[in-house]
Amino acid sequence: MDNLKEYLLLHKKELDVDSPAADGWEDIASRLEDNPPTQEPGPAREADPRPGTEVRAKSRNLRRLVWYAAAACVIALAGVGSWLVIREKKAAADVVKTESAAGTKEMRAAGDAGAAEGTGAAGDAGAAGGTGAAGAKIDSQGAQHGRSAGAMAAQSPVGRTLAPHKAGAGHEAGMPDEIAAIDKSYSTLIDYQLKKLRAMPLYAENGAYFSFYVEQFKQMDRDEQAVRNDIKTYGLTGEFLEQMINVYQEKLNILKNLQTEINKMNNKVREKQSPTAMSQVHYLNI
Amino acid sequence: MARAVQGDRSAQADLYRHYGTAMYNICIRMTGNRFDAQDLLQDAFIEAFRQLGQLKQPAAFGGWLRRILINKCVQFSKRHVAWKSLDEDAATPNEEDETAWWLNIPLAVVQEEIKSLPGGCREVFVLFALEDFGHKEIARDLGISESTSKSQYQRARKLLKERITKKMYPDG
């Protein structure tokens with residue numbers, strides 16, 4: 001005999017680990033009550049015309065249907081959950097790509113603008129930016145700083161962020177989902193960038209040297225709050241959504257430029273290997 | 001038994017309690033799901049109680065009930081399984097070459113894996129290995145050829161070994 005068969009036959013009782021439904025006997029008794037026993041062999045279940053059998057069969061089918069419906073609901077919920085998670089991840093990835101591309105363009109544009117204005121345009125840049133403090137601070141190393149500052153100032157933050165953003169026109173459909181995703185993704189990126197900047201050591205100059213960027217960032221905060229208030233008052237429109245996106249993008253640009261500027265400054269100090277400057281470490285309060 | 005024949009519900013309930021679990025396990029192995037198993041179990045008991053008067057040897061009730069139940073399971077399988085013959089090579093017995101991989105496997109795991117075997121090979125496996133049917137008898141009852149019965153049995157064995165080994169030793 002087949003060894004496996006022999007083994008299973010020997011342990012057949014131990015295989016019987018499943019138990020019938022607790023109400024199994026009640027169902028049988030009730031079916032027997034509805035259909036008293038006969039001395040003749042009964043017909044097959046399918047051909048049984050007894051009304052009680054029909055009711056029982058329907059009850060069983062209903063129970064089965066409920067069980068399948070519950071299982072389908074669980075599967076559907078799991079599917080929706082997975083879809084939401086995937087969509088969120090995808091949205092975040094898209095934002096990173098957009099931000100990265102925009103950042104590269106901004107850097108190139110800043111460089112071009114700075115070159116066009118000339119390296120000595122730091123004072124003008126400060127004045128154009130309306131802060132004054134940045135222009136006053138920039139002196140000996142103002143050439144490098146001025147290039148970026150000039151580029152920043154040339155792009156009026158409020159005007160630029162509130163201007164219609166053609167790329168954002170496609171956000172009309174499914175707006176509530178979009179704004180939630182954008183909000184979350186941008187906030188995460190901005191928070192990450194801020195943390196990074198706060199942790200960066202500043203050699204030679206203290207945080208006030210970069211106050212121009214800090215002021216710009218604060219201005220963007222105010223703009224963001226204004227757009228949020230408008231959305232609360234007038235409801236969410238395509239225009240407000242675009243403005244919100246622009247504010248976020250502008251914030252990211254400012255932080256990116258600030259990071260570049262700090263890096264430049266630190267690199268110069270490192271190149272000069274000035275022990276005094278290296279010993280004076282400051283951190284940005286933003 | 002005499003009282004059960006007279007229609008005494010409590011005596012019938014005793015019989016159900018005594019044989020119910022074993023019969024239900026045959027059903028669930030044959031059908032692979034508890035709904036159909038429960039339905040077939042109820043149908044078998046009802047038919048048995050309705051025809052109890054025909055049973056000449058009360059002591060044979062267990063075997064008689066089992067036969068009714070297996071007939072019901074077989075009828076059910078014939079309606080629900082699309083039978084196909086497998087490669088003849090698969091039917092070649094190879095158990096002599098095989099180590100007794102099943103010896104240290106918990107029987108609850110074996111039961112679980114039997115229930116999840118694909119329809120067709122599951123029924124053949126249960127009838128052959130657990131209900132001690134021959135392939136000729138299985139072929140006759142299920143309306144398939146003897147070689148199909150053999151090949152389906154070998155397929156079930158192979159699947160059981162693969163799945164149980166994977167479950168018990170996931171890291172190989």
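Residues numbered from 1 in each chain as written. Chains lettered and ligands numbered in written order. Predicted model: local features only at pLDDT ≥ 70, side-chain atom pairs only at ≥ 80, totals over all residues.

Details of the overall build of chain B
Put simply, the rule reads: Runs of E in the DSSP output that reach at least two residues are strands. Runs of H or I that reach at least four are helices, and both are numbered from the N terminus.
The secondary structure content of chain B amounts to eight helices and zero strands. The helix and strand sequence of chain B, counted from the amino end, reads α-α-α-α-α-α-α-α.

So, the overall build of chain A
Put simply, the rule reads: The burial criterion counts other C-beta atoms lying within 10 Å of a residue's C-beta, which is placed from the backbone; the residue is buried at 20 or more, exposed at 12 or fewer, and partly exposed between these limits. This entry defines residue contacts through backbone-placed C-beta atoms, with two residues in contact when those atoms are within 7 Å.
Of the regular secondary structure elements, chain A holds twelve helices and two strands. When its helices and strands are written in sequence order, chain A yields α-α-α-α-α-α-α-α-α-β-α-α-α-β. Scored against the burial criterion, the 286 residues of chain A give a buried share of 26%. For chain A, restricting intrachain contacts to residue pairs at least 6 apart in sequence, the fraction spanning at least 24 positions comes to 81%.

Section: the interface of chain A and chain B
What counts is decided by this rule: Each residue is assigned to one of three groups, with Ala, Val, Leu, Ile, Met, Phe, Trp, Tyr, Cys and Pro labelled nonpolar, Asp, Glu, Lys and Arg labelled charged, and all others, Gly among them, labelled polar.
Taken together, the contact pairs 32 residues of chain A with 36 residues of chain B. Mapped by element, the contributors of at least two residues to the side of chain A that touches chain B are helix H1 (3-10), helix H2 (12-15), helix H3 (24-34) and helix H4 (51-117) of chain A. Counting residues per element, the side of chain A that touches chain B draws most heavily on H3(A), at seven residues. Of the residues belonging to the side of chain A that touches chain B, the class tally is 14 nonpolar, seven polar and eleven charged.

Regarding helix H8 (residues 146-168) of chain B
Operational definition: Multiplying 1.5 Å by the helix residue count minus one yields the expected span of that helix.
Given a rise of 1.5 Å per residue, 23 residues ought to cover 33 Å, and the 33 Å separating the end C-alpha atoms of H8(B) matches this to within 8%. Looking only at H8(B), the buried set comprises Thr148(B), Ser149(B), Lys150(B), Ser151(B), Gln152(B), Tyr153(B), Gln154(B), Arg155(B), Ala156(B), Arg157(B) and Leu160(B). In this fold, the buried residues of H8(B) make contact with H1 of chain A together with helix H5 (107-115), helix H6 (121-130) and helix H7 (135-142) of chain B.

With respect to the nonpolar core
Let me state the cut-off plainly: Nonpolar core, as used here: buried Ala, Val, Leu, Ile, Met, Phe, Trp, Tyr and Cys residues forming one set through C-beta atoms within 7 Å.
By size, the foremost hydrophobic cluster in this structure holds 45 residues, and its most contacted members are Cys27(B), Leu69(B) and Phe125(B). Those residues in contact with Cys27(B) that sit more than four places away from it in its chain are Ala37(B), Leu40(B), Leu41(B), Leu69(B) and Cys73(B).

Section: the confidence of the model for chain B
When pLDDT drops low, the exact placement of atoms in the prediction is not to be read closely. All names here are of chain B. Defined as follows: Note: pLDDT gives the predictor's confidence per residue, expressed from 0 to 100.
Confidence in the prediction of chain B, expressed as mean pLDDT, is 88, and 91% of residues score 70 or more. Mean pLDDT per element in chain B: helix H1 (residues 2-5) is the minimum at 80, and H6 is the maximum at 95. Both confidence scores are given for the complex: pTM 0.47, ipTM 0.87.

Some details on the packing of helix H2 (residues 9-31) of chain B against helix H4 (residues 61-80) of chain B
Residue and element names in this part refer to chain B. How we decide: Lines fitted to C-alpha atoms define the axes, with helix axes restricted to the stretch in contact, and inter-axis angles between N-to-C directions lie between 0 and 180 degrees. Roughly parallel means an angle under 35 degrees; roughly antiparallel means over 145; roughly perpendicular covers 65 to 115; every other angle is labelled oblique. Note on convention: the crossing is left-handed when the near helix lies turned anticlockwise from the far helix by less than a right angle, right-handed when the turn is clockwise.
Remark: H2 packs on H4, axes separated minimally by 10 Å, with the N-to-C direction vectors making an angle of 30 degrees. If you check the angle between H2 and H4, you find them roughly parallel. In the packing of H2 onto H4, the handedness of the crossing is right-handed. From H2, Leu 15, Tyr 19, Met 23, Ile 26, Cys 27, Met 30 and Thr 31 reach across to H4, where they touch Phe 61, Gly 62, Leu 65, Arg 66, Leu 69, Ile 70, Cys 73, Phe 76 and Ser 77.

Some details on the packing of helix H3 (residues 34-50) of chain B against H4(B)
All names here are of chain B. Their axes nearest at 9 Å, the elements H3 and H4 cross at an angle of 135 degrees. Comparing their axes, H4 and H3 come out oblique. The handedness of the crossing between H3 and H4 is right-handed. Within the contact between the two elements, H3 uses Asp 36, Leu 40, Asp 43, Ala 44, Glu 47 and Ala 48 and H4 uses Leu 65, Ile 68, Leu 69, Lys 72, Cys 73 and Phe 76.

Considering the environment of Arg87(A)
Residue and element names in this part refer to chain A. Topologically, Arg 87 is positioned in helix H4. Its 12 C-beta neighbours within 10 Å are what place Arg 87 among the exposed residues. Spatially, the C-alpha atom of Arg 87 lies 9.0 Å from that of Ala 181, the residues being 94 residues apart in sequence.

Considerations on H4(B)
Residues and elements named next belong to chain B. Our working definition: Directions drawn from the helix axis to the C-beta atoms are what define this arc.
Compared with the 28 Å implied by 1.5 Å per residue over 20 residues, the 28 Å span of H4 between its first and last C-alpha is a close match. Taken together, the buried positions of H4 are occupied by Leu 65, Leu 69, Ile 70, Lys 72, Cys 73, Phe 76 and Ser 77. The buried residues of H4 occupy an angular sector of 160 degrees when projected down its axis, which confines them to one face. Away from its buried face by more than 90 degrees, H4 exposes Gly 63 and Arg 79.

Brief notes about the environment of Ser185(A)
Inspection of the secondary structure puts Ser185(A) in helix H9 (residues 175-199). In the structure, Ser185(A) is positioned 63 residues away from Tyr248(A) in sequence and 9.9 Å away in space, judged by C-alpha atoms.

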